[in-house]
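# Close look at the chain arrangement
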Amino acid sequence: MTLKTLTLGVALALGGLAHAADPILIKFSHVVAQDTPKGKAAEYFKKLAEERTKGAVKVEVYPNSQLYKDKEEVEALQLGAVQMLAPSLAKFGPLGVKEFEVFDLPYILPNRDVLRRVTDGPVGRGLLDKLETKGIKGLAYWDNGFKIMSANKPIHLPADMKGLKVRIQSSKVLDKQMRELGAIPQVMAFSEVYQALQTGVVDGTENPPSNMYTQKMHEVQKDATVTRHGYLGYAVIVNKKFWDDLPTDIRTTLEGAMKDATKYANDIAEKENADALEAIKASGKTTVYTPTDAELKQWRDALLPVHAEVASRVGKDLIDAFYKEAAAAGAPIK
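Residues numbered from 1 in each chain as written. Predicted model: local features only at pLDDT ≥ 70, side-chain atom pairs only at ≥ 80, totals over all residues. Heavy atoms only, no water.

## Focus on the packing of aromatic side chains
To describe a pair of aromatic rings, you give the distance between the ring centres and the angle between the ring planes. Here the structure, examined in full by the defined rule, presents 8 aromatic pairs. Taken together, a centroid distance of 6.1 Å and an interplanar angle of 35° make the contact between F28 and W142 tilted. Residue F28 is located in strand β1 (residues 24–29), and its partner W142 is located in strand β4 (residues 136–146); the two are separated by 114 residues in the primary sequence. Of the two residues, F28 and W142, neither departs from the other in class, the shared state being buried. Ring centres of F103 and Y231 lie 6.5 Å apart, and the angle between their planes is 45°; on these two criteria the pair is classed as tilted. Remark: Y231 occurs in strand β10 (residues 231–239) and F103 occurs in the loop between β3 (84–85) and α4 (112–119); sequence separation between them is 128 residues. In this pair, the class of F103 matches that of Y231, namely buried. (Phe/Tyr/Trp six-rings, centres within 6.5 Å; stacked < 30°, edge-to-face > 60°. Helix = DSSP H or I, 4+ residues; strand = E, 2+ residues; numbered from the N terminus. Buried < 20%, exposed > 50% of the residue type's maximum accessible area, 1.4 Å probe, protein only.)

## Some remarks on helix α3 (residues 70–79)
The set of residues buried in α3 consists of D70, E73, V74, A76 and L77. The arc that holds the buried residues of α3, viewed along the axis, is 160°, so those residues lie on one side. Residues of α3 that are exposed and angled more than 90 degrees away from the buried face: K71 and L79. On its buried side, α3 packs onto β1, β3, β4, β6 (165–168) and β10. (Arc of directions from axis to C-beta. Contact = heavy atoms within 4.5 Å.)

## What to know about helix α2 (residues 37–52)
Counted at 1.5 Å a residue, the expected span for α2 with its 16 residues is 22 Å, and the 22 Å between its end C-alpha atoms agrees. All of the buried residues in α2 are P37, K38, G39, A41, A42, F45, L48 and A49. Just past α2, the residue K54 takes up positive phi, approximately 55°. (Expected span 1.5 Å × (residues − 1).)

## Here we look at the pairing of β10
Most of β10 is tucked away, with 9 of its 9 residues classed as buried. Pairing analysis gives 2 bridges linking β3 to β10, with the strands arranged antiparallel. When the bridges of β10 are listed, L85 appears paired with I237. As judged from the 9 bridges shared by β4 and β10, these two strands associate in the antiparallel manner. Bridging across to β10, A140 finds its partner in V236. (Pairing = 2+ DSSP bridges.)

## Remarks on the nonpolar core
Grouped together as the largest cluster of nonpolar side chains are 54 residues, with contacts concentrated most on F92, F100, V102, F103, L109, M161 and F322. Sort the elements by how many residues they give to this core and helix α14 (residues 316–328) lands first, with 4 residues. In contact with F103, other than residues within four places in its own chain, are L89, I108, L109, V118, T119, L127, Y141, Y231 and F322. In this structure, F28, A41, W142 and F242 belong to the second largest nonpolar core, which totals 45 residues. (Core = buried A, V, L, I, M, F, W, Y, C linked by side-chain atoms within 4.5 Å.)

## Some remarks on the sheet that holds strand β9 (residues 223–225)
Taken in spatial order, the 6 strands line up as β7-β6-β8-β5-β9-β11 in an open sheet, and their pairing is mixed. Looking along the sheet, the strands with just one partner apiece sit at the ends: β7 (184–187) and β11 (287–289). Taken pair by pair, the neighbouring strands of this sheet meet at an average axis angle of 25°, ignoring direction. Pairing geometry for β6 and strand β8 (residues 204–207), over 2 bridges, is parallel. Considered in β8, the bridge of R167 is made with T205. The strands that helix α6 (residues 172–180) touches are β5 (148–151), β6, β7 and β8; relative to β6, the one it contacts most, it runs at about 160°. (Axes fitted to C-alpha atoms, helices over the stretch in contact; angles between N-to-C directions.)

Right, here's the structure in full:
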């Protein structure tokens, strides 16, 4: 063997070792706390992905808007600055896929059985597929929970919302919902809500209990009402080019990890929110009110007209598909 051949062989071997030691990096950014259902699920996906690929993939999770705020994160994904997100479903309306705002409709998902029929079936898959024209691959739906209203005064009935400045996500449906109640919607990044509530920039908000508690919003809200009027969920998404360019075996392994992380996320969401609601009550800082059946009917009657009012935006056929799934689950909406 000549010196030149030996040198070349060593160089190739060292190059191979360097390549083998250089894992595929997935930056997973999100805007909520690490101890929320989404935060815990992101960490679980990281664990599964790294274990099952035997270190060939490294997942870095950035919670609490460490990298990007609400309005910035989807663009960052499209540009390839991060590889994975789990934004709330309302984020896709401003992106141009307004059909996702169907999830923002009040009382469109009567319970988790209906939710599972939608997200695990062809309706949910069809919505995720619409993201591909935006350079985004939709992988899964992760639950958070059903929202409650909060403010600095009792809000037992829809009329009590009149005149309140209420923070919402950037969604035309949520804007319409608040205006239907006589409230004044205020679009604001999630990371800014606590300070806005504390300083009186806004009077109230809507959130699942887990978000309200982990962001300490209950410390700056005197009252909350368990309206369960809307659903907050997430779509786990990746940069499509990044995903398509992965080695087939790696992608298949990550799909399996995502499937198991999704089951984990959706299994813990209901308990996490129930525990958070009890913690809010126990804090003594927020009075939590549970409406009677008659009062809940008033909330439903006040908000169901929003469905027809935004049908031209989200699609009447899509709304009807949700109604069909609800009826099949024994929980008709109308």
